[in-house]
Every structure is written in C-alpha cells, then in structure tokens.
Amino acid sequence: EEALRVLEEAARDPESGITPDDGRRIKESRFRVYDIEKSTVAASGRARPDLSVYVILGGLDDKKLLWVAKEALAGGARAIQLREKNAGDMEILRRASFLRRLCEVVKARLFINDRVDLAIAAKADGVHLGQGDLPTEQARRIGGGRLLIGRSSHTLEEAKTAAREDVD
C-alpha cells in the first residue's frame with residue numbers, strides 16, 4: 001500500500017515520467033490492495049499486528065546497523081526486518097541476536113528475510129518470504145504456527161495469491 005501511495009504521489013510530478021493515466025491506475029491498485037488486506041485480516045480471524053513503521057535493514061556494517069536500528073526504534077518503528085542477502089548463517093544469527101534485544105525493549109517485532117530456520121533460531125517474531133522462497137504452508141508448519149509470515153508481491157496477481165494463503 002505504501003509503495004503504491006509513494007508512486008501515486010510521484011505521478012503528480014510531471015518530471016517523474018509517470019503519466020496521469022498511470023497515476024490513476026496506481027491509485028486504483030492501492031485501494032484494491034487495501035481491500036484485499038482488509039478481507040484477508042477479517043477472514044484469518046487473527047488480530048493484525050502493529051507494523052505501521054516497518055524498517056528493512058541490511059548491507060550495513062555492525063556499527064551502522066546498530067545505529068540505524070536504534071534510531072528507527074526510537075523514532076517509532078514497530079518492526080525491523082533483517083535482510084542480509086550476502087551474509088552467512090552465523091553472521092545473520094549474530095546480527096539478529098542484538099536486533100532481537102533492541103526490539104524487545106520497545107516491544108517491536110523482528111523479522112528475518114527469506115529464512116524460516118534462521119527466524120526460529122534467532123527467536124524472531126516472523127519471517128518475510130519472497131516469491132521464490134518456501135511456500136507459506138510449509139513455512140507455517142516449520143515455524144510451528146509461532147511465526148508471523150509476510151510474503152512479497154510484485155503484481156496484483158501475486159497479491160491476490162498471497163491474500164488466499166495463510167500470510168499475516
């Protein structure tokens with residue numbers, strides 16, 4: 001929703017290269033995504049966690065990662081996602097460990113990108129899965145129902161599919 005909102009706002013700038021027609025379609029898509037989300041939450045029977053400010057961190061050295069995470073949480077972030085595409089398992093676990101402690105202090109959620117196993121090992125609150133990652137049903141089973149599960153969607157069809165899955 002937020003990404004579509006940003007694109008919709010960008011469409012108002014004639015220098016953006018986004019046509020007014022595209023801007024209208026983006027706005028319509030944003031409202032469709034909102035409706036899908038609302039119906040999914042209602043159908044799931046689960047309370048929606050507060051993820052109003054969700055910060056994705058990765059590719060930073062330890063000092064910068066810690067600083068950005070502290071500042072984001074102090075500024076009201078409700079979730080931190082550790083997204084380390086080029087790090088080894090031990091490095092991800094080490095970084096997740098200190099992020100976990102920071103998140104606990106302010107009752108924010110910690111998510112691990114792509115890896116259900118590392119999310120469990122890090123005692124994270126959830127995992128964010130891309131389109132090429134584990135199917136939601138298997139991730140839910142492996143996580144024992146304890147993990148919140150997010151799923152990336154890049155098209156309306158992917159968003160509709162995710163809405164039918166057991167994602168949070």
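Criteria and cut-off values
- Residues numbered from 1 in each chain as written.
- Predicted model: local features only at pLDDT ≥ 70, side-chain atom pairs only at ≥ 80, totals over all residues.
- Heavy atoms only, no water.
- Buried < 20%, exposed > 50% of the residue type's maximum accessible area, 1.4 Å probe, protein only.
- Helix = DSSP H or I, 4+ residues; strand = E, 2+ residues; numbered from the N terminus.
- Right-handed = clockwise from strand over helix to strand, strands pointing away.
- Patch = residues over 30% accessible without salt bridge, like charges linked within 9 Å, V, L, I, M, F, W, Y side chains within 5 Å.
- Areas by Shrake-Rupley, 256 points an atom, 1.4 Å probe, with all protein chains shown as cover.
- Salt bridge = Lys/Arg side-chain N within 4 Å of Asp/Glu carboxyl O.
- Contact = heavy atoms within 4.5 Å.
- Pairing = 2+ DSSP bridges.
- Axes fitted to C-alpha atoms, helices over the stretch in contact; angles between N-to-C directions.

## Section: the pairing of strand β1 (residues 54-57)
In step 1: Of the two faces of β1, the one lined by Val55 and Leu57 is fully buried and the one lined by Tyr54 and Ile56 carries no buried residue.
In step 2: Running through helix α3 (residues 62-74), the crossover from β1 to the neighbouring parallel element strand β2 (residues 79-82) is right-handed.

## Here's the deal with a nonpolar patch on the surface
In step 1: Side chains of Ile120, Leu134 and Ile142 sit close together on the surface and give an oily, nonpolar patch of about 210 Å² of accessible area.
In step 2: Topologically, Leu134 is positioned in the loop between β4 (126-129) and α6 (136-142).

## What about unusual backbone geometry?
When glycine is set aside, most residues are seen to have a negative phi, and most peptide bonds are trans.
In step 1: Not every positive phi belongs to a glycine, and Asp114 is a case in point at roughly 70°.
In step 2: Positive phi, normally seen in glycine, also occurs at Lys123, with a value near 60°.
In step 3: Among the secondary structure elements, Lys123 is positioned in the loop between α5 (116-121) and β4.
In step 4: With relative accessibility at 63%, the residue Lys123 sits in the exposed group.

## Let's talk about the environment of Val55
In step 1: With respect to the element layout, Val55 can be found in strand β1.
In step 2: For the pair Val55 and Leu82, spaced 27 residues apart in sequence, the C-alpha to C-alpha distance is 8.7 Å.
In step 3: With residues up to four places along the chain from it excluded, the contact list for Val55 reads Ala72, Ala77, Ala79, Ile80 and Gln81.

## Section: the sheet that holds β2
In step 1: Strand order in the open sheet made by the 5 strands is β1-β2-β3-β4-β5, with parallel pairing throughout. Two strands in the sheet have a free side with no partner beyond their single neighbour: β1 and β5 (148-151). The mean angle between the axes of side-by-side strands here comes to 25°, regardless of whether they run parallel or antiparallel.
In step 2: As paired strands, β1 and β2 are joined by 4 bridges and run parallel to one another. Bridging from a neighbouring strand, Val55 pairs with Ile80 of β2.
In step 3: Across the sheet, helix α4 (residues 89-106) touches β2 and β3 (109-113), and the angle it forms with β3 is around 160°.

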